[in-house]
Structures are given as structure tokens and as C-alpha cells.
Amino acid sequence: MTVAQVPVRGRLGVIDWAIMRRLNLANFAAIFTTTLVLVGVMSHCASALETFPTASLAIATQDGIHEFTVEVATTSPQHAQGLMFRRKMAAGAGMVFVYQEVQRISMWMKNTLIPLDMVFIGDSGKIIKIAERTTPMSQEIIASGGPVKSVLELNGGTASRLGIRPGDRVTFVGVFD
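Fair warning: this is a prediction, and the values are worked out from it, not measured in the lab.

A. Seen up close, the overall build of the protein. The secondary structure content of the protein amounts to 3 helices and 7 strands. Overall, the protein shows an N-to-C arrangement of helices and strands of α-β-β-α-β-β-β-β-α-β. Considering the protein as a whole, with its 177 residues, one finds that 37% of them fall into the buried category. A separation threshold of at least 6 residues defines the contact pool for the protein, and within that pool the share at least 24 residues apart is 68%. Only carbon and sulfur atoms are counted for the fraction: they give 59% of the accessible area of the protein, which is about 11000 Å².

What follows is the structure in C-alpha cells.
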């Protein structure tokens with residue numbers, strides 16, 4: 001008997017080592033190629049991720065003033081990326097999307113891994129609409145419901161926990177003073 005014909009009994013029965021070597025070589029080549037492609041894509045994505053400046057933002061509700069530290073998205077690439085790929089966000093943190101002109105805004109949760117509250121804010125700083133506890137990874141369109149100047153994204157459940165409602169006022173220096 002040659003090595004390729006040595007019967008080895010196990011859960012799968014007799015193993016033909018010549019076939020196993022060919023399969024292993026093919027599998028190795030596929031896995032190696034896939035790994036190289038993924039490493040290239042991941043390094044490209046990591047280098048292509050936008051960075052965001054931070055600022056303070058406050059919301060005046062019936063229960064008082066709530067302050068947040070927010071990342072500020074003002075450019076189209078920043079708007080496109082938003083909070084995608086984030087696995088967590090600190091309590092008291094958020095991201096505010098500021099647009100140059102007041103307009104109707106539509107957003108989605110594609111590639112967003114955490115549930116969010118989306119707070120749509122008019123040009124005077126008045127909250128127009130809140131989409132609470134949006135579904136991670138969803139491609140469902142979330143519309144502003146009217147013209148807005150910005151959108152504030154907070155951890156899902158924050159709006160109800162703090163009593164943030166449409167009609168409340170946002171103060172954000174340089175945008176809503």
C-alpha cells in the first residue's frame with residue numbers, strides 16, 4: 001500500500017490522502033487569495049474613513065437642559081459615512097449632520113451597527129421630528145418630514161429617556177445660537 005491508499009478510519013470513514021492534498025491545496029489557495037483581498041479592502045477602508053471634529057450641543061426640554069459632546073459632519077463624505085461601522089457610542093455623545101441649506105433629508109441605517117435616535121432640527125434650532133430607536137443595518141428610508149438644517153444622532157432610547165420631544169430647542173454655537 002502506498003501512503004495515498006492507507007485507510008484511516010474516523011468519522012468520515014476511509015480518507016484518500018491524494019484527494020485530501022489536492023483539496024487542501026485548492027482550499028489554501030482560495031483562503032490565501034481571499035485573505036489578501038480582504039486585507040487590501042480593509043486597509044483601504046480604514047485609510048478612507050473620515051474624521052470628525054467635536055463640539056458641544058445642548059437641548060432645552062421641559063425637564064431641563066441636556067448637554068452632549070457631538071462629532072460634527074459638514075462635508076458630503078462625512079455625511080455619507082456618519083456613524084457607520086461604529087460598534088458603540090458613549091452615553092452623552094452623538095453626531096450632528098449640518099447642511100449648508102435648509103432641505104428635506106432622508107437617511108438610512110445601512111452599515112450602522114447600533115440603534116440610534118435621529119433628531120431632525122429646523123433652521124431655528126427647533127426639533128421638527130424624532131425617529132426613535134432606528135433599526136441597525138436597515139435600508140429603510142428615514143425622512144425628515146420637512147425642511148431641516150441638521151440631524152442629530154444619539155444612542156437609541158436617549159430621546160425618550162431624557163424627554164426630548166418635537167418643539168424642544170437645540171443650541172449649537174455657530175449653527176443654532
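Here the narrative resumes.
B. Representation of the sheet that holds strand E2 (residues 64–73) in the model. One open sheet accounts for 7 strands, arranged E5-E4-E6-E3-E2-E1-E7; its pairing is mixed. Two strands close off the open sheet at either side, each with one partner strand: strand E5 (127–131) and strand E7 (169–171). Neighbour-to-neighbour, the strand axes of this sheet turn through a mean angle of 35°, independent of strand direction. As paired strands, E2 and strand E3 (residues 93–107) are joined by 5 bridges and run parallel to one another. Following the sheet pairing, Thr69 is matched in E3 by Ala93.

C. Focus on the environment of Ala48. Tracing the sequence through the fold places Ala48 in helix H1 (residues 17–48). Among the residues examined, Ala48 registers a relative accessible area of 42% and is labelled partly exposed. Linking Ala48 and Pro77, residues 29 residues apart in sequence, is a C-alpha distance of 9.8 Å.

D. Broad picture of the pattern of salt bridges. The final tally for this structure, using the stated rule, is 2 salt bridges. Across the pair Arg86 and Glu71 runs a salt bridge, and its minimum N-O distance is 2.7 Å. In this pair, Arg86 is assigned in the loop between helix H2 (76–81) and E3 and Glu71 in strand E2, connecting sequence segments 15 residues apart. We classify Arg86 as partly exposed; its relative accessible area is 23%. Assessed through its relative accessible area of 18%, Glu71 is described here as buried. For Glu132, the salt bridge goes to Arg133, with nearest N and O atoms at 3.8 Å.

E. Quick look at the nonpolar core. Grouped together as the largest cluster of nonpolar side chains are 19 residues, with contacts concentrated most on Phe97, Met107, Met118, Phe120 and Val151. Mapped by element, the contributors of at least two residues to this core are E3, strand E4 (116–121) and strand E6 (142–155). For this core, the leading source of residues is E3, giving 6 residues. Core analysis: the next-biggest nonpolar cluster, separate from the first, contains 18 residues, Ile59, Phe68, Val72 and Phe172 among them.

F. Examining the side chain of His66 more closely. Structurally, the position occupied by His66 is in strand E2. On the accessibility criterion, His66 (16% relative accessible area) is buried. A polar contact is formed between the side chain of His66 and the side chain of Thr61, at a distance of 3.3 Å. A polar atom in the side chain of His66 sits 3.3 Å from the backbone oxygen of Leu162. For His66, the contacting residues outside a window of four places in its chain are Leu57, Ala58, Ile59, Thr61 and Leu162.

Cut-offs used in this document
Residues numbered from 1 in each chain as written. Predicted model: local features only at pLDDT ≥ 70, side-chain atom pairs only at ≥ 80, totals over all residues. Heavy atoms only, no water. Helix = DSSP H or I, 4+ residues; strand = E, 2+ residues; numbered from the N terminus. Buried < 20%, exposed > 50% of the residue type's maximum accessible area, 1.4 Å probe, protein only. Contact = heavy atoms within 4.5 Å. Areas by Shrake-Rupley, 256 points an atom, 1.4 Å probe, with all protein chains shown as cover. Pairing = 2+ DSSP bridges. Axes fitted to C-alpha atoms, helices over the stretch in contact; angles between N-to-C directions. Salt bridge = Lys/Arg side-chain N within 4 Å of Asp/Glu carboxyl O. Core = buried A, V, L, I, M, F, W, Y, C linked by side-chain atoms within 4.5 Å. Polar contact = N/O pair within 3.5 Å; in protein donor to acceptor, adjacent residues only side chain to side chain.

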